[in-house]
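A structural walkthrough
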Amino acid sequence: MSRWKLEGRVALVTGASGGLGAHFAKVLAEAGAEVIVGARRQEALADVAGSIVAAGGKCSAIALDVSDMASISAATPALERVDILVNNAGIVRDGPALSHGEADWDAVIDTNLKGMFLMSQAAARAMEARQKGGSIINIASILGLRQAGGVVSYAVSKSGAIQMTKTLALEWARLGIRVNALAPGYLETELNADFWASEAGKAMIRRIPQRRLGNLQELDGPLLLLASDLSSYMTGSVIEVDGGHLVSTL
Ligand code: NDP
């Protein structure tokens, strides 16, 4: 069996009712994992699970709000089986920092940062009890490593996600739990295609050394690397997938 294959592993992907999370769920299922998809919108989630099963994969859906401890507790039966946790759920509230409201700040931090921690903690407790170790993959962003205007709470949450990754990697290495992060750059999805076609979008693309956006498939290799035993000696790492955006010229 190839070492990147995930047969016999159970993977939980948060925020999997669309976007990157739905894609990650499909890729993990294709690699052989039994996938549990979690998010708030049940109909969209059922569609994702249904298409994975229709393609021959193993997938089930659970209602999950990562910002709510009661919802995480209700997901305990799923969390108790998890070998791979992908902390993907995330939101952004954009606008100038001077007018960024408290409710927006709280929503972003509660989802992207508190949610990531509570999910990691719940999964790690179960992994410790089972004494089998596991892999936690936190979806950060290049905005956690450099700055852009108009996304203060998001950038802070992603920077916190990177420090959380390293801190938990240190604490949980003795439990056989690896904690790594993926930091995607600017990706083209159905939702943002119109923006990238605009003049402002094109100007942003010109600042990426590869002069193009990434696509979801370009995250597959790093995802499978971190999920599988191929990365057995990696923990606390941050993999940047950004067309060279972080090394753009000053
Ligand atoms: P989308 O808005 O398309 O999807 C976000 C997902 O998160 C949805 O499925 C949503 O589902 C879920 N979600 C939001 N809040 C919660 C919550 N409280 N509990 C559980 N699930 C929640 O975003 P993307 O797919 O673009 O982004 C996914 C991740 O990737 C995010 O962490 C984002 O920061 C990161 N990222 C994205 C990039 C991009 O270019 N798209 C670049 C870099 C990083 P529901 O509403 O059903 O709960």
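Now for a quick tour of the structure. Quantities reported herein were computed from a predicted structural model and do not represent experimental measurements. (Residues numbered from 1 in each chain as written. Predicted model: local features only at pLDDT ≥ 70, side-chain atom pairs only at ≥ 80, totals over all residues. Heavy atoms only, no water.)

Regarding its fold elements, the protein presents nine helices and seven strands. For a compact globule of 250 residues, the expected C-alpha radius of gyration is about 18 Å, and the protein comes in at 17 Å, within 12% of that figure. Structurally, the protein occupies a C-alpha span of about 50 × 40 × 40 Å along its principal axes. Counting all 250 residues of the protein, 50% fall into the buried class. Pairs at least 24 apart in sequence give 71% of the contacts found in the protein among residues at least 6 apart. A gap of 6 Å separates the mean positions of the 23 positive and 25 negative side-chain charges of the protein. (Helix = DSSP H or I, 4+ residues; strand = E, 2+ residues; numbered from the N terminus. Rg over C-alpha atoms; globule rule 2.2 N^0.38 Å. Buried < 20%, exposed > 50% of the residue type's maximum accessible area, 1.4 Å probe, protein only. Contact = heavy atoms within 4.5 Å. Lys, Arg positive; Asp, Glu negative; His and termini not counted. Charge placed at Lys NZ, Arg CZ, Asp CG, Glu CD.)

When you line up the elements, Glu128 lands in helix α5 (residues 102-130). Using a relative accessible area of 41% as the deciding quantity, one classes Glu128 as partly exposed. Between the C-alpha atoms of Glu128 and Ile177, which are 49 residues apart in sequence, the distance is 8.3 Å.

Looking now at the side chain of Ser228. Among the structural elements, Ser228 can be located in the loop between α9 (220-227) and β7 (238-241). Residue class for Ser228 comes out buried when judged on its relative accessible area of 0%.

Overall, parallel pairing links the seven strands, which are arranged β3-β2-β1-β4-β5-β6-β7 in an open sheet. Only two strands of the sheet have a single neighbouring strand rather than two, namely β3 (58-63) and β7. Each strand axis lies, on average, 20° off the axis of its neighbour in the sheet, ignoring direction. Here strand β5 (residues 134-139) runs beside strand β6 (residues 177-184); their pairing, made up of six bridges, is parallel. The partner of Ile137 across the bridge, within β6, is Asn180. Sitting on the sheet, helix α1 (residues 19-30) is in contact with β1 (10-14), β2 (34-39), β4 (84-87), β5 and β6, with an inclination near 170° to β1. Relative to the sheet, helix α2 (residues 42-54) contacts β2 and β3, its axis offset from that of β3 by approximately 170°. (Pairing = 2+ DSSP bridges. Axes fitted to C-alpha atoms, helices over the stretch in contact; angles between N-to-C directions.)

In this section: the packing of aromatic side chains. By the definition in use, this model includes two aromatic pairs. Note on Tyr186 and Trp196: the rings are 5.5 Å apart at their centroids and 35° apart in plane angle, and the pair reads as tilted. One end of the pair, Tyr186, is in the loop between β6 and α7 (193-197); the other, Trp196, is in helix α7, and ten residues separate them in sequence. Using a relative accessible area of 17% as the deciding quantity, one classes Tyr186 as buried. (Phe/Tyr/Trp six-rings, centres within 6.5 Å; stacked < 30°, edge-to-face > 60°.)

Applying the stated criterion to the full structure yields one cavity of 30 Å³ or more. For the largest cavity, the calculated volume is near 40 Å³. Thr14, Val66, Asn87, Asn88, Ala89, Thr111, Asn112, Gly115 and Met116 are the residues that line the largest cavity. The dominant element in the lining of the largest cavity, judged by the number of residues it contributes, is α5, at four residues. Split by residue class, the lining of the largest cavity holds three nonpolar, six polar and no charged. (1 Å grid on protein atoms, 1.4 Å probe; cavity = no way out; pocket = protein on both sides within 12 Å on 5 of 7 lines; lining within 4 Å. Points joined across faces, edges and corners; volume = space filled by probe spheres on them. Nonpolar A, V, L, I, M, F, W, Y, C, P; charged D, E, K, R; others polar.)

Of the voids in this model, the second largest pocket is the one considered here, and its volume is about 280 Å³. Lining the second largest pocket are 18 residues, and of these Gly133, Gly134, Gly176, Arg178 and Asp229 lie nearest its centre. Secondary-structure elements contributing two or more residues to the lining of the second largest pocket are β5 and β6. Considering only residue class, the lining of the second largest pocket consists of six nonpolar, seven polar and five charged.

Once that is clear, we can look at the pattern of salt bridges. Should the charged atoms of two oppositely charged side chains come close, the side chains can pair. Under the definition given, this model contains eight salt bridges. Residue Asp83 is joined to Lys132 by a salt bridge in which the shortest nitrogen-to-oxygen separation is 3.6 Å. Taken together, the residues Asp83 in the loop between α4 (76-79) and β4 and Lys132 in the loop between α5 and β5 connect sequence positions 49 residues apart. (Salt bridge = Lys/Arg side-chain N within 4 Å of Asp/Glu carboxyl O.)

Below, the discussion takes up the site of the ligand. Taken together, 27 residues lie around the ligand, and Ser17, Leu20, Arg40, Asp65 and Tyr154 are the ones closest in. In the model, an oxygen atom of the ligand is placed 2.8 Å from a nitrogen or oxygen of the Arg41 main chain. Coverage of the ligand by the protein chains reaches 86% of its 880 Å² of free accessible surface. Elements represented by at least two residues in the shell around the ligand include exactly α1 and α6 (152-172). Of the residues contributing to the shell around the ligand, the split by class is 13 nonpolar, ten polar and four charged. (Near = heavy atom within 4 Å. Polar contact = N/O pair within 3.5 Å; in protein donor to acceptor, adjacent residues only side chain to side chain. Areas by Shrake-Rupley, 256 points an atom, 1.4 Å probe, with all protein chains shown as cover.)

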